[in-house]
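Listed below are the residues making up each chain.
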Amino acid sequence: MATGRASTAWWVLLLLAILSVFPVATAAIAQADAVADPVATCWASELPDGVEPHDDTLRRVEVTAFPVGVRCDWEAGDTQSGWPLTVVALVGTAVCIGATAFALRQGPAARRLVTAIPAAAIGVIWIVIASNTLFVIID
């Protein structure tokens, strides 16, 4: 009976770790979308006071890794997007690490490789996010 509970606990922890990969992957997809057209991303985001749409007041655009978003340098002020998405991705990372740590304690050694896959995937995604930045000067 104890073996059945340990197996069930391992499956639940593994499922939790796998599901926690999705917020981090969403952050990477959002960043890739911002890299595709960073100027349009700035115009679509919340504009600071004093900036009129289609006005040539955008000076620089930077696609950032932390937070995963876009930093827009306007003449009237700066805006930074991506904080909510970054917080959710960090929570997903923490949940995955915690679930993986507890799942590694459950079951035989053969399961350890499978258990580490979601954490490895999150590590790779964060490396991709960190390397996928862009800086555009519009002047």
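Residues numbered from 1 in each chain as written. Predicted model: local features only at pLDDT ≥ 70, side-chain atom pairs only at ≥ 80, totals over all residues. Heavy atoms only, no water.

Chemist: Requested: an account of the nonpolar core, with residues and values cited.
Modeler: Judged by nonpolar contacts, the single largest core of 18 residues is most densely connected at Val-24, Ile-122, Ile-125, Trp-126 and Ile-129. Those elements that provide at least two residues to this core are helix 1 (2-19), helix 2 (21-36), helix 4 (83-103) and helix 5 (110-131). Beyond its immediate sequence surroundings of up to four residues, Trp-126 is in contact with Val-24, Ala-65, Val-68, Ala-89, Leu-90 and Thr-93. Counting nine residues, the second-largest nonpolar core is a separate cluster that includes Ala-34, Cys-42, Leu-58 and Val-70. (Core = buried A, V, L, I, M, F, W, Y, C linked by side-chain atoms within 4.5 Å. Buried < 20%, exposed > 50% of the residue type's maximum accessible area, 1.4 Å probe, protein only. Helix = DSSP H or I, 4+ residues; strand = E, 2+ residues; numbered from the N terminus. Contact = heavy atoms within 4.5 Å.)

Chemist: Could you give me a rundown of the pairing of strand 1 (residues 58-64), with the residues and numbers involved?
Modeler: Where strand 1 and strand 2 (residues 69-74) come together, six bridges link them in antiparallel fashion. Bridge pairing in strand 2 links Thr-64 to Gly-69. The pairing of strand 1 with strand 4 (residues 134-137) spans four bridges and is classified as antiparallel. Bridging from a neighbouring strand, Glu-62 pairs with Phe-135 of strand 4. (Pairing = 2+ DSSP bridges.)

Chemist: Can you lay out the pattern of salt bridges for me, pointing to particular residues and giving the numbers?
Modeler: Summed over all chains, the structure comprises three salt bridges. For the salt bridge of Asp-78 with Arg-71, the shortest nitrogen-to-oxygen distance reads 2.7 Å. The exposure class assigned to Asp-78 is partly exposed, which follows from its relative accessible area of 43%. For Arg-71, a relative accessible area of 30% translates into the label partly exposed. Through salt bridges with shared partners, one network takes in Arg-59, Arg-60 and Asp-73. (Salt bridge = Lys/Arg side-chain N within 4 Å of Asp/Glu carboxyl O.)

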